[in-house]
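As a plain string of letters, each chain reads:
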Amino acid sequence: MAEIALTWEERKRAFQEIKQKSDRIMTVAVIIYFNFGLFLSFFYNTQLIAMTVGGVCLAVCFISRLVLPDATLYQYVLSAVLAIFPAQFIYQMHGLFEMHFFFFVGSALLITFRNWKAFIPMLLFTVVHHVAFAWLQYTGMKEIYFSQLEYMDLQAFIFHALLTAIIMGICAFWAYDLERSTLREVAKTTMLNRQLGNVQRNIAFAEQMSKGNLNADYTVTDESDELGKSLVVMQESLRKSAERELEDRFVTVGVTKVSDIIRNHSNDPITLADEFIKGIVKYTDLNQGALFILEEDDNSTAYLKLTACYAYNRKKHIEMRLNPGEGLVGQCFLEQEEMYLTAVPQHYTKITSGLGEATPTCILVVPVKTQEEVVGVIELAAFKTLKPHEKLFVHKAAENIASAIIAARTTAHIKKLLAESQERTEEMRAQEEEMRQNMEELAATQEEMNRKARETENRINAIEESGIASIEFHPDGTIITANKHFLALMGYAIDEIRGKHHRMFVDAEFALSQEYVDFWNDLRNGVPRPGEYRRVKRSGASVYIKGSYSIIRDQHGRPSRILKLATDITELKMHQKQEGVTGTKEHGTFFTVS
């Protein structure tokens with residue numbers, strides 16, 4: 001704690017009370033010294049010396065304290081005064097040895113200041129006084145007194161001086177030690193006050209954040225304030241979380257608005273396009289936008305038609321046709337990727353308002369597509385740069401309108417087919433009898449299909465009731481679902497295996513083998529794999545199963561899923577092993593031999 005750097009103000013406050021107490025003591029002491037000098041003056045008729053020297057010393061003490069109340073200069077002045085008074089007393093008493101003790105009394109009094117440097121003036125004056133007065137007295141000057149002795153040899157003088165220096169040194173040491181103790185206590189108090197201040201500031205800062213003020217200014221002024229640093233980090237994290245929440249809300253609300261537009265105008269493609277591009281421009285606070293839709297001319301040549309355009313709260317009626325690959329819009333259609341320009345060429349486009357025309361700051365071109373098909377392009381222009389969440393919203397809106405366009409075209413195609421069907425009604429009436437027979441056959445076929453469906457359903461229920469374990473996979477081995485018997489057999493819950501690969505049921509060595517790769521290649525190619533297999537439970541124990549990996553095909557005859565039906569034959573295998581029957585394969589088909 002003592003190593004803490006204290007400011008001048010902190011040191012001043014630390015010694016303020018000590019200084020005041022010492023000042024009171026010293027005031028009484030110098031007054032006593034002055035009065036004692038007057039008392040001594042009656043013994044040898046030295047009233048003039050007592051009044052002049054003592055008065056000057058008294059005046060210097062009070063004047064220095066009055067002129068420089070906040071400085072320590074008067075302590076050094078007082079130190080010299082406390083050395084002058086003993087010299088005065090020695091002179092007044094004609095070298096009485098007992099008067100030398102007043103140097104030691106002054107040293108003891110100076111300890112109260114707790115300033116070892118204050119002993120320097122006293123020590124210097126004492127040395128000068130002893131040397132000068134002793135030399136003057138022993139050289140024959142009778143008016144100067146150092147001691148009552150007629151002569152003091154050098155050895156006695158040195159002992160005298162050494163004892164004086166030792167006593168002053170001890171007093172100076174205690175003053176230094178008390179000063180350091182005071183500073184250590186002040187340092188502790190200062191540290192506690194700083195910590196308390198940090199805690200109070202941290203509490204106030206935390207209260208601001210609890211009230212939702214995540215932008216409150218806060219600066220950590222103390223490098224040791226780890227809590228304050230943590231609060232600043234937490235504020236930044238909360239601010240980022242709040243920003244992400246606002247961005248997510250922006251996207252969610254925007255997609256909802258787009259969905260409402262699509263739902264309300266799904267029967268009118270022209271109005272839908274106009275309202276859609278208007279909604280995009282206004283919601284993102286951009287300046288203008290255009291929607292290009294893929295069309296075909298009479299020669300079945302594909303082109304992009306400007307279906308809707310909106311700018312500055314008004315619809316722009318512009319006719320435009322672009323070929324795929326032509327300009328930014330055509331290039332975006334071909335590449336099916338977003339194009340974002342912040343350095344827009346002067347001739348590319350202009351944004352017009354009542355104040356004139358200006359080149360936009362940025363251009364955003366987004367393909368209108370689903371996962372499988374591109375049906376158009378959205379082009380947006382603005383004087384501001386778009387943030388990532390704004391571009392994300394445009395992408396999601398493009399996906400929604402793409403789905404709506406595809407659905408509308410599908411509906412239109414169905415209506416066309418219906419119209420063609422109605423035109424052929426007369427022809428169909430002529431073939432009514434044949435159609436009736438076909439319908440009867442269809443009804444019979446449907447009845448047969450229903451019967452087979454019921455049988456299939458009954459078979460599935462029978463499998464469930466029989467206790468046979470079943471599990472379904474994608475052709476790549478990813479688990480789709482499993483029944484309760486399989487989960488109980490392997491020791492898993494359905495959420496622990498869904499979406500994971502079949503290799504979790506075999507050991508690591510077999511999972512990396514070529515045999516395992518060939519096994520799944522056969523299944524993906526539509527080759528069923530019946531047989532007996534060893535698998536690994538969740539607990540790591542082995543289980544032997546007998547069953548089949550069957551192929552479920554889609555309407556085009558391609559393998560779409562793998563169905564595995566199996567029964568537990570672990571006990572049988574253990575019994576066979578006990579009787580000496582071994583297997584030729586541990587992980588693939590298990591062929592028993594006697």
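Reading the values: rules and limits
Residues numbered from 1 in each chain as written. Predicted model: local features only at pLDDT ≥ 70, side-chain atom pairs only at ≥ 80, totals over all residues. Heavy atoms only, no water. Buried < 20%, exposed > 50% of the residue type's maximum accessible area, 1.4 Å probe, protein only. Helix = DSSP H or I, 4+ residues; strand = E, 2+ residues; numbered from the N terminus. Contact = heavy atoms within 4.5 Å. Phe/Tyr/Trp six-rings, centres within 6.5 Å; stacked < 30°, edge-to-face > 60°. Lys NZ or Arg CZ within 6 Å of the ring centre and 35° of its normal. Polar contact = N/O pair within 3.5 Å; in protein donor to acceptor, adjacent residues only side chain to side chain.

Engineer: Describe helix 10 (residues 327–335), and please don't skip the residues or the numbers.
Structural biologist: Among all positions in helix 10, only Leu328, Val329, Gly330, Cys332 and Phe333 are buried. Structurally, helix 10 contributes buried residues whose contacts are with strand 1 (288–296), strand 2 (302–311), strand 4 (321–322), strand 5 (339–341), strand 8 (362–369) and strand 9 (374–382). The positive-phi residue at the C-terminal boundary of helix 10 is Gln336, with phi of around 60°.

Engineer: Which residues make up the packing of aromatic side chains, and what values do they have?
Structural biologist: This model, assessed by the stated rule, comprises 25 aromatic pairs. Where Phe173 meets Trp174, the ring centres are 5.7 Å apart and the plane angle is 70°; that geometry is what we call edge-to-face. In this structure Trp174 comes out as partly exposed when scored by relative accessible area, which is 45%. Residues Phe486 and Phe505 carry aromatic rings whose centres are separated by 5.3 Å and whose planes lie at 80° to one another, so their mutual orientation is edge-to-face. Of the two residues, Phe486 sits in helix 14 (residues 484–490) while Phe505 sits in the loop between helix 15 (494–497) and helix 16 (508–511), which places them 19 residues apart along the sequence. The pair formed by Phe486 and Phe505 is uniform in burial state, with each residue classed as buried. Feature note: the residues Tyr33, Phe36, Phe39, Phe43, Phe85, Phe89 and Phe102 constitute an aromatic cluster, connected by ring pairs. If you follow Lys391 out to its NZ or CZ, it ends over the ring of Tyr340, 4.2 Å from the centre.

Engineer: Now, about the environment of Tyr549: what can you tell me, with residues and values included?
Structural biologist: Structurally, Tyr549 is set in strand 13 (residues 542–553). Note: C-alpha distance between Tyr549 and Ile562 (13 residues apart in sequence) is 6.4 Å. Those residues in contact with Tyr549, other than ones at most four positions away along the chain, are Phe473, His502, Phe519, Leu523, Pro528, Arg529, Pro530, Tyr533, Arg535, Ile562, Leu563 and Lys564. A distance of 3.2 Å separates polar atoms of two side chains, one belonging to Tyr549 and the other to Arg535.

The quantities given are spatial measurements derived from coordinates; they are silent on function.
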